[in-house]
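In case you want the letters, here they are:
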Amino acid sequence: QVQLVESGGGLVQPGGSLRLSCAASGNIFSINDMGWYRQAPGKQRELVAGITSGGSTNYAESGKGRFTISRDNVKNTVYLQMNSLKPEDTAVYYCNIRLTRRGSFAWSDYWGQGTQVTVSS
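Now for a description of the structure that goes with this document. (Residues numbered from 1 in each chain as written. Predicted model: local features only at pLDDT ≥ 70, side-chain atom pairs only at ≥ 80, totals over all residues. Heavy atoms only, no water.)

## Points about the state of the cysteines
Then step 1. Tallied over the full model, the rule gives one disulfide.
Then step 2. With its sulfur 1.9 Å from that of its partner, C22 forms a disulfide with C95. Its S-S torsion of approximately 50° makes the covalent link between C22 and C95 right-handed. One end of the pair, C22, is in strand β3 (residues 18-26); the other, C95, is in strand β9 (residues 91-100), with 73 residues separating them in the sequence. (Disulfide = S-S within 2.5 Å. Helix = DSSP H or I, 4+ residues; strand = E, 2+ residues; numbered from the N terminus.)

Here you go:
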């Protein structure tokens, strides 16, 4: 069994900052890519940022210059540092981790439970 636990969401004023964390544990053999997605009410889930096993990153245009994704391979954790937050950043944020389980040769995607980020004055 694999578990992903997210933390770090909350209420923040425009211009503020939050740091999201997502830690994976359980029957994990190898972790490949990690990413953060968000979903606002009535909208589709969208990619916010991704990071490969080699540390290469990519960002949606909405977060470029404000968001930073990073990973700790020892802790099996992915982070999203969000600065200069805007009201339009309000959404439920989900982490995604692509990994292989012990005894398996196939990559599978696992999702965190979601953490609410609300940017409002």
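## Concerning the packing of aromatic side chains
Then step 1. This structure, assessed with the given rule, holds one aromatic pair.
Then step 2. Between the NZ or CZ atom of R45 and the centre of the ring of W111, over which it lies, the distance is 4.8 Å. (Phe/Tyr/Trp six-rings, centres within 6.5 Å; stacked < 30°, edge-to-face > 60°. Lys NZ or Arg CZ within 6 Å of the ring centre and 35° of its normal.)

## Regarding unusual backbone geometry
Then step 1. For N76, which is not glycine, the phi torsion reads 55° and is therefore positive.
Then step 2. Its place among the elements puts N76 in the loop between β7 (67-72) and β8 (77-82).
Then step 3. A positive phi angle is found at S84, which is not glycine, with a value near 50°.
Then step 4. In this structure, S84 sits in the loop between β8 and β9.

## Digging into the environment of V2
Then step 1. Looking at where V2 falls in the secondary structure, it is placed in strand β1 (residues 2-7).
Then step 2. V2 gets classed as buried once you look at its relative accessible area, which sits at 13%.
Then step 3. Sequence-wise, V2 and R101 are 99 residues apart; in three dimensions their C-alpha atoms are separated by 8.3 Å.
Then step 4. In contact with V2, not counting residues within four places along its chain, are S25, N27, I28, L99, R101 and Y110. (Buried < 20%, exposed > 50% of the residue type's maximum accessible area, 1.4 Å probe, protein only. Contact = heavy atoms within 4.5 Å.)

## Things to note about the nonpolar core
Then step 1. Core analysis: the biggest nonpolar cluster contains 29 residues, and L4, W36, V78, L80, M82, Y93 and I97 have the highest contact counts within it.
Then step 2. Elements represented by at least two residues in this core include exactly β1, β3, β4 (30-39), β5 (46-51), β7, β8, β9 and β11 (115-119).
Then step 3. When residues in this core are grouped by element, the largest group, five residues, is from β9.
Then step 4. When neighbours within four sequence positions are excluded, Y93 is seen to be in contact with E6, L20, W36, Y37, R38, V48, F67, L80, M82, G114, T115 and V117. (Core = buried A, V, L, I, M, F, W, Y, C linked by side-chain atoms within 4.5 Å.)

## Side note on the sheet that holds β7
Then step 1. The sheet built from four strands is open, its strands ordered β1-β3-β8-β7 with antiparallel pairing. Edge positions in the sheet fall to β1 and β7, since each has one partner strand and no second. Direction aside, the axes of adjacent strands within the sheet are offset by 15° on average.
Then step 2. Taken together, the six bridges between β1 and β3 define a ladder with antiparallel strand orientation. By the bridge assignment for β3, E6 is matched with C22. (Pairing = 2+ DSSP bridges. Axes fitted to C-alpha atoms, helices over the stretch in contact; angles between N-to-C directions.)

## Things to note about the side chain of R38
Then step 1. You can see R38 is positioned in strand β4.
Then step 2. At a separation of 3.3 Å, a polar atom in the side chain of R38 contacts the side chain of S62.
Then step 3. Within the structure, R38 has its side chain in polar contact with the side chain of D89 (distance 3.0 Å). (Polar contact = N/O pair within 3.5 Å; in protein donor to acceptor, adjacent residues only side chain to side chain.)

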